[in-house]
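Structure assessment
Here is what each chain is made of, one letter per residue.
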Amino acid sequence: MKRVAVLMVWLWPTCSITWAQQPVVAEHAMVVSAREEASAIGAEILRKGGNAFDAMVATELALAVAYPYAGNIGGGGFMVYRKADGETGALDYREKAPMGATKDMYLDDSGHVIPGLSTEGALAVGVPGTVAGVFAVHERFGKLPMQDIMAPVIALAEKGVVVTAGQEKQLSTYREAIIKISGSATGLAKVYHQGDTIRYPALANTLRRILRNGRDEFYKGETARSIAGFIQKNGGIITLEDLGRYEVRWRRPVFFDYKDLRIISMSPPSSGGITLAQIMTMIAPYPLSRYGHNSQATIQVLTEAERRAYADRNYFLGDPDFTVIPYATLLSKNYLRRRMKSFSPDKATPSSTVSHGQVTISESNETTHYSIVDQDGNAVAVTTTLNGAFGSKLYSDELGFFFNNEMDDFSAKPGEPNSYGLIGAEANSIAPQKRMLSSMTPTIVEKQGRLFMVLGTPGGSTIITSVLQVILNVREFGMNIQEAVNAPRFHHQWLPDEVLFEPGKFPQHILQSLTGKGYHVNEQSAPVIGKVDAILINSQGKREGGADCRGDDKAVGY
């Protein structure tokens, strides 16, 4: 029997002491996710002959059990895939606004945003897409029967999951918020400590019904009726018709080149691929490897490119089924060259002078990502979310899961920041059946026509810049994949006009020099920037797993 390799490292919330810098190396297949239980279930599906898409279904559902902070069946996400024969594609199973949603639903009579209405409780919930997503993946690409894939997930829910130090902190931090919305008697409102076991019998029963009756159980069956009744009872507007009309979208990814790499990333309604492409195209002319990792010059170049790309993101991007997006212009090298013309290494470019090009919300950190490469070379990068920590904090004890608060990712009022500080425009305004803009950036990288990297991360608006820095850490600075995901990160998003740095990770003389050039340095607001889970295919064709030291994340392979 083949031995399963597991990366046994977790720290919370930052990599503040010595951590493992060597990746887990596996001969055949690899899964990297936010929890060991989910990675192990995904890897076991691969070992039993399933492919990356079977493992995607198993890992996604296992995260709903093991990681309710962000894993879910009450949310949605995006998948980018690359098959062993080079075929690529993307799946959008993002949540949608209910048919009863209106552009001004979170504004008072004076036109001001009502605090908390789009982030807490039933009115914040978008129509979930996760169950439709996993069934769409299995129907198109799966090899194993759904029974074989879901059985270990249901067993995990029944057996229970051991609370880690990180999970204890998550539950403690958000307990009062959960109680405020769902009451003190709800399942996850009780006090849990590291080493306790949490069992999820209600979720196990929900998963059994879904296994027995398929996708329609969640969208048209008994579970759908329970969801609609529960949401409406708690003041929300999702109806049985909303659930019944939900559909996924197969989309064309964003493709672009960075030197000798080919990047394949998520297309709108994710802003990730286009924004990543803009940043990497703008920085390509600069000799970053000569400047050095996290040097002042490198930080300046990346910050200025990010400033300009996020200004475009916030103005132009939204649901492509509702919004005309100027793809060709936004990805044009000439356009992006002009965008960087105003950059001077002598001083910062104030964001007040950088608008969107001529042709802005606060987004939550509480997403989760997983990466999979199977024994045949098929690869998937998947980012899934409830949006905020434990989503809307609305928990159904009958069904056993939290519901998302994705409606906050719309522009409740153009020009007003969301929970992630992102400023939105009309392109991302609320409309019935519309999908909200996201920063999720599941990404696959090719080198010389072959699979090279699979990666992504949670982190709200910092997702894009975290993925960027990990790719650069490998390509420009020669790091292995574990070093690349562990390395200190920084972030800029146009507005607010400040550069976020992981605290205590950057030399003070560099931060002082940047301040002298007019950059607004902030080491207080971002103890964690991203939590990247990545796989690299090395020169021997083996899978190297990099599980971010900032969480409980684990790489499991065989």
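Throughout this description, residue numbers start from 1 for each chain and increase along the sequence as written. Reporting in this predicted model follows two pLDDT cut-offs: at least 70 for local features of residues, and 80 or more for side-chain atom pairs to be given and counted; totals over whole chains, interfaces and linings ignore these cut-offs and use all residues. Excluding hydrogens and water, the side-chain values take into account all heavy atoms of the structure.

How we decide: UniProt positions are given in the numbering used here, feature names are shortened, and annotations may be inferred rather than shown by experiment.
Going by the annotation in an unreviewed UniProt entry, the name recorded for the protein chain is Glutathione hydrolase proenzyme, with Flavobacterium magnum given as the source organism. Taken verbatim from the UniProt record of the protein chain, the Sequence similarities (unreviewed entry) comment is "Belongs to the gamma-glutamyltransferase family." Among the UniProt annotations of the protein chain, the heading Pathway (unreviewed entry) holds the following wording: "Sulfur metabolism; glutathione metabolism."

**Some details on the overall build of the protein chain**
Stated formally: In this description a helix means any DSSP run of H or I spanning at least four residues, a strand means any run of E spanning at least two, and both kinds are numbered starting from the N terminus. The reference for a compact globule is 2.2 Å times residues^0.38; the radius of gyration itself is calculated from the C-alpha atoms. Between buried and exposed lies partly exposed: a residue is buried under 20% and exposed over 50% of the maximum accessible area for its type, with that area taken using a 1.4 Å probe on protein chains only. We get accessible surface area from the Shrake-Rupley algorithm with a probe of 1.4 Å; when it comes to residues, only the shown protein chains can shield them.
For the protein chain, the helix and strand inventory stands at 17 helices and 22 strands. Over its C-alpha trace the protein chain gives a radius of gyration of 22 Å, about what one expects of a compact globule, namely 24 Å for 558 residues. Taking all 558 residues of the protein chain together, the buried fraction comes to 64%. In the form shown here, the protein chain has an accessible surface area of approximately 19,000 Å², with 50% of it arising from carbon and sulfur atoms.

**Considerations on the UniProt feature "binding site: L-glutamate" (unreviewed entry) in the protein chain**
Rules: The criterion used for residue contact is that any of the two residues' heavy atoms lie within 4.5 Å.
UniProt records the feature "binding site: L-glutamate" (unreviewed entry) for Arg94, Thr385, Leu386, Asn387, Asp409, Ser438, Ser439 and Gly460 in the present numbering. By the element assignment, Arg94 lies in the loop between strand E5 (88–93) and helix H3 (130–141). Other than its neighbours up to four places away in sequence, Arg94 contacts Gly77, Phe78, Tyr246, Thr385, Glu406, Asp409, Arg435, Met436, Leu437, Ser438 and Met440. Checked against the element boundaries, Ser438 lands in the loop between strand E14 (401–402) and strand E15 (443–447).

**Concerning the packing of helix H1 (residues 36–47) against helix H4 (residues 146–159)**
Going by this rule: Axis definition: a line fitted to C-alpha atoms, limited for helices to the stretch in contact. Angles are taken between N-to-C directions and run from 0 to 180 degrees. We call two directions roughly parallel when the angle between them is under 35 degrees, roughly antiparallel when it is over 145, roughly perpendicular when it lies between 65 and 115, and oblique otherwise. Two helices cross in a left-handed way if the nearer one is turned anticlockwise from the farther one by less than a right angle. They cross in a right-handed way if the turn is clockwise. In this classification, the charged set is Asp, Glu, Lys and Arg, the nonpolar set is Ala, Val, Leu, Ile, Met, Phe, Trp, Tyr, Cys and Pro, and all remaining amino acids, among them Gly, are polar.
Relative to each other, H1 and H4 sit at 155 degrees, their axes nearing to 10 Å. It follows from the interaxial angle that H1 and H4 lie roughly antiparallel. Relative to H4, the crossing made by H1 is right-handed. Between H1, through Glu37, Ile41 and Ile45, and H4, the contact on the second element is made entirely by Asp148, Ile149, Pro152, Val153 and Leu156. Partitioning the contact of H1 with H4 into residue classes produces six nonpolar, no polar and two charged.

**A closer look at the side chain of Asp548**
The test is simple: Polar contacts, as counted here, are pairs of nitrogen or oxygen atoms within 3.5 Å of one another; within protein the pair requires one atom able to donate a hydrogen and one able to accept it, and residues that are adjacent in sequence qualify only if both atoms are side-chain atoms.
With respect to the secondary-structure elements, Asp548 resides in the loop between strand E21 (543–547) and strand E22 (554–557). At 2.9 Å, the side chain of Asp548 forms a polar contact with the side chain of Arg489. A polar side-chain atom of Asp548 sits 2.7 Å from the main-chain amide nitrogen of Val532.

**A few points about the packing of aromatic side chains**
Each aromatic ring pair is summarised here by two numbers: the centre-to-centre distance and the angle between the ring planes. Note the cut-off: Working definition: rings of Phe, Tyr and Trp (its six-membered ring) pair if their centres are within 6.5 Å, and the pair is stacked with planes under 30 degrees apart, edge-to-face with planes over 60 apart, and tilted otherwise. Ring-over charges, as used throughout, are those where CZ of Arg or NZ of Lys falls within 6 Å of the ring centre and within 35 degrees of the ring normal.
Throughout the structure, instances matching the rule amount to 21 aromatic pairs. Residues Tyr174 and Phe390 carry aromatic rings whose centres are separated by 6.1 Å and whose planes lie at 65 degrees to one another, so their mutual orientation is edge-to-face. Seen from the ring of Trp250, Arg140 lies directly overhead, with NZ or CZ sitting 4.0 Å from the centre. Sitting over the face of the ring of Phe452, Lys447 holds its NZ or CZ atom 5.1 Å from the ring centroid.

**Points about the pattern of salt bridges**
Worth spelling out the cut-off: The term salt bridge refers to a pairing of a side-chain nitrogen on Lys or Arg with a carboxyl oxygen on Asp or Glu at a separation within 4 Å.
Evaluation of the coordinates by the stated rule reveals 32 salt bridges. For Glu247, the salt bridge identified is with Arg249, shortest N-O distance 3.5 Å. Accessibility expressed as a relative area gives 30% for Arg249, which makes it partly exposed. Ionic pairing is found between Arg308 and Glu304, a salt bridge with its closest N-O pair at 2.8 Å. Of this pair, Arg308 and Glu304 are both found in helix H12 (residues 296–316), four residues apart, which corresponds to roughly one turn of the helix. Of the two residues, Arg308 and Glu304, neither departs from the other in class, the shared state being buried.

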